[in-house]
Amino acid sequence: MSNATVIVVTSGKGGVGKTTSSAAIASALAKEGYQVCAIDFDVGLRNLDLIMGAERRVVFDLVNVVRGEASIKQALVRDKKLENLYLLPASQTRDKDALTEEGVASVINELRMYFDWIVCDSPAGIERGATLAMRHADEAIIVSNPEVSSVRDCDRIIGLLDAKTIVAEEGKRMPKHLLITRYDIERAKTGDMLDVNDVVDILSVPLIGVIPESRDVLKASNVGLPVTLSDENSPASKAYTEATQRLLGSDVPVTIPSEKKGFLGKLFKGRAA
Ligand SMILES: Nc1ncnc2c1ncn2[C@@H]1O[C@H](COP(=O)(O)OP(=O)(O)OP(=O)(O)O)[C@@H](O)[C@H]1O
Ligand SMILES: [Mg+2]
């Protein structure tokens with residue numbers, strides 16, 4: 001068996017930046033030289049292939065593999081830039097029950113043999129799709145926007161991570177990392193958003209990064225590149241790269257985007273990961 005680490009990128013609430021983060025972090029890990037596979041669990045929507053610019057190369061998908069219609073190797077799409085980065089796309093089927101628990105288990109177990117990191121992009125919600133995406137995770141990245149509704153949904157996801165995963169069933173605690181995304185400097189100034197410290201306090205999960213709201217994210221997805229591959233100097237890209245360093249065990253302090261000194265503003269001195 002290999003030493004693959006399975007990471008789920010999850011949030012509860014929709015549209016907070018899970019897919020953007022999955023693509024950015026998977027690419028940043030691949031840039032470090034690891035063998036990386038990103039899996040799109042969002043059956044019916046298929047977003048990860050668009051963000052990774054792989055949509056025209058998709059032939060088979062996760063559901064085909066689960067149903068035995070294609071092998072994993074047939075379904076994996078290799079990234080156009082990084083040869084050690086692969087995508088296992090979601091299906092566009094309308095059948096939300098197309099994924100079975102046994103099917104997902106065998107897919108993950110096989111992928112563990114080929115890859116160092118497996119990044120599972122979870123669908124929104126707390127239903128079956130989200131629980132299947134987290135089921136085999138060794139670690140979780142919890143994505144939250146600095147807003148009450150988003151934080152509340154993260155709390156429900158934390159409950160599920162500690163109850164419905166294999167790690168939880170083995171009596172262990174799921175290691176969790178909090179990633180705050182779409183942090184808007186203007187709205188932070190007006191008090192329109194929750195403060196980073198507040199989010200960390202409410203969820204009580206170590207902070208792995210704060211990603212600024214940035215037009216670079218949209219620009220990157222328009223050209224089909226994860227932001228960490230499209231513009232390495234953009235603030236969002238740097239923040240994702242730093243978060244990935246922390247995931248790999250580095251203890252650099254988290255920087256919070258601030259207007260005054262630009263992105264490398266004040267250092268976060270709270271409960272950093
Ligand atoms: N840091 C950011 N700055 C600006 N826009 C962002 C940022 N992160 C994500 N977005 C935008 O927010 C939207 C939702 O992002 P994304 O699809 O990654 O969220 P999601 O959590 O995967 O959504 P879903 O729950 O539907 O799967 C997209 O249009 C994306 O471009
Ligand atoms: Mg998504």
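Note that the structure is predicted; figures quoted are calculated from it, not measured.

## Comments concerning the overall build of the chain
The helix and strand tally for the chain stands at 13 helices and eight strands. With respect to the principal axes defined by its C-alpha atoms, the chain has extents near 55 × 40 × 35 Å. Counting only carbon and sulfur atoms, one obtains 47% of the accessible surface of the chain, whose full area is about 12100 Å². Across the chain, the centroid of the 34 positively charged side chains sits 3 Å from that of the 38 negatively charged ones.

## A look at the packing of helix H7 (residues 148–161) against helix H10 (residues 196–203)
How two helices sit against one another is set out by the angle between their axes and by the gap between those axes. Contact geometry of H7 with H10 gives a least axis separation of 10 Å together with a crossing angle of 30°. Compared by their axis directions, H7 and H10 come out roughly parallel. Here H7 runs over H10; the crossing is right-handed. Between H7 and H10, the contacting residues are Val151, Cys154, Asp155 and Ile158 on the first element and Val199, Ile202 and Leu203 on the second. Looking at side-chain class alone, the contact of H7 with H10 contains six nonpolar, no polar and one charged residues.

## With respect to the nonpolar core
Core analysis: the largest hydrophobic core is formed by 53 residues, its most contacted members being Ile39, Phe41, Leu88, Leu99 and Leu111. Apart from the residues within four sequence positions on either side, leucine 88 is in contact with Cys37, Ala38, Ile39, Asp40, Leu62, Val65, Ala75, Leu76, Val107 and Leu111. The next biggest cluster of nonpolar side chains, apart from the first, holds 36 residues, and it includes Ala38, Ile51, Val58 and Ala243.

## Some remarks on the site of ligand 1
Neighbouring residues of ligand 1: 15 residues in total, closest Lys18, Thr19, Thr20, Arg182 and Ser214. One of the side-chain N or O atoms of threonine 20 is found 2.6 Å from an oxygen atom in ligand 1. Take proline 212: an N or O atom from its main chain is 3.0 Å from a nitrogen atom of ligand 1. Taking 630 Å² as the accessible area of ligand 1 by itself, protein coverage stands at 81%. Of the pockets mapped on this structure, ligand 1 occupies the largest pocket.

## Section: the environment of cysteine 37
Along the polypeptide, cysteine 37 turns up in strand E2 (residues 36–40). Residue classification places cysteine 37 among the buried residues on the basis of a relative accessible area of 0%. C-alpha of cysteine 37 to C-alpha of aspartate 79: the two residues are 42 residues apart in sequence and 9.8 Å apart in space. Those residues within four positions of cysteine 37 in sequence are excluded, and the remaining contacts are Leu76, Tyr86, Leu88, Leu111, Phe115, Trp117, Ile118 and Val119.

## A look at the packing of aromatic side chains
For any pair of aromatic rings, the description rests on two quantities: the centre-to-centre distance and the angle between the ring planes. Applying the stated criterion across every chain yields a total of three aromatic pairs. Geometrically, the ring pair formed by tyrosine 34 and tryptophan 117 is edge-to-face, given 6.2 Å between the ring centres and 80° between the ring planes. Of this pair, tyrosine 34 sits in the loop between helix H1 (18–31) and E2 while tryptophan 117 is found in strand E5 (residues 117–121), placing the two residues 83 residues apart along the sequence. Residue classification places tyrosine 34 among the partly exposed residues on the basis of a relative accessible area of 30%. The exposure class of tryptophan 117 is buried, given its relative accessible area of 8%. An angle of 65° between the planes, with centres 5.6 Å apart, marks the rings of tyrosine 86 and phenylalanine 115 as edge-to-face.

## What to know about the sheet that holds strand E7 (residues 176–183)
Pairing between sheet strands relies on hydrogen bonds along the backbone, with the strands arranged either parallel or antiparallel. As summarised here, the arrangement of the eight strands in space is E3-E4-E2-E5-E1-E6-E7-E8, forming an open sheet in which the pairing is mixed. Edge positions in the sheet fall to strand E3 (77–78) and strand E8 (207–212), since each has one partner strand and no second. Bridge count for E7 against E8 is four bridges, and the pairing is parallel. Within E8, the position partnered with tyrosine 183 by the bridge is proline 212. Here H10 sits on the sheet in contact with strand E6 (139–144), E7 and E8, set at roughly 150° to E7.

## Concerning the layout of surface pockets
Quantified by volume, the largest pocket comes out at close to 540 Å³. As for the largest pocket, its lining consists of 31 residues, and the residues nearest its centre are Gly15, Val16, Gly17, Thr20 and Arg182. Where the lining of the largest pocket is concerned, the elements lending two or more residues are H1, E7, E8 and helix H11 (215–222). Among the residues forming the lining of the largest pocket, the class breakdown is 16 nonpolar, nine polar and six charged.

## Notes on the pairing of E6
Most of E6 sits out of view: six of its six residues are buried. Of the two faces of E6, the one lined by Glu139, Ile141 and Val143 and the one lined by Ala140, Ile142 and Ser144 are each fully buried. Examined bridge by bridge, strand E1 (residues 5–10) and E6 share four bridges and lie parallel to one another. What sits directly across from isoleucine 7, in E6, is glutamate 139. The pairing of E6 with E7 spans five bridges and is classified as parallel. Pairing of serine 144 across the sheet is with isoleucine 180, part of E7.

Cut-off values and rules
- Residues numbered from 1 in each chain as written.
- Chains lettered and ligands numbered in written order.
- Predicted model: local features only at pLDDT ≥ 70, side-chain atom pairs only at ≥ 80, totals over all residues.
- Heavy atoms only, no water.
- Helix = DSSP H or I, 4+ residues; strand = E, 2+ residues; numbered from the N terminus.
- Areas by Shrake-Rupley, 256 points an atom, 1.4 Å probe, with all protein chains shown as cover.
- Lys, Arg positive; Asp, Glu negative; His and termini not counted.
- Charge placed at Lys NZ, Arg CZ, Asp CG, Glu CD.
- Axes fitted to C-alpha atoms, helices over the stretch in contact; angles between N-to-C directions.
- Parallel < 35°, antiparallel > 145°, perpendicular 65-115°, else oblique.
- Left-handed = near helix turned anticlockwise from the far one by under 90°.
- Contact = heavy atoms within 4.5 Å.
- Nonpolar A, V, L, I, M, F, W, Y, C, P; charged D, E, K, R; others polar.
- Core = buried A, V, L, I, M, F, W, Y, C linked by side-chain atoms within 4.5 Å.
- Buried < 20%, exposed > 50% of the residue type's maximum accessible area, 1.4 Å probe, protein only.
- Near = heavy atom within 4 Å.
- Polar contact = N/O pair within 3.5 Å; in protein donor to acceptor, adjacent residues only side chain to side chain.
- 1 Å grid on protein atoms, 1.4 Å probe; cavity = no way out; pocket = protein on both sides within 12 Å on 5 of 7 lines; lining within 4 Å.
- Sits in = over half its atoms within 2 Å of the grid points.
- Phe/Tyr/Trp six-rings, centres within 6.5 Å; stacked < 30°, edge-to-face > 60°.
- Pairing = 2+ DSSP bridges.
- Points joined across faces, edges and corners; volume = space filled by probe spheres on them.

In short, the description is geometric, and any link to function would need to be established separately.
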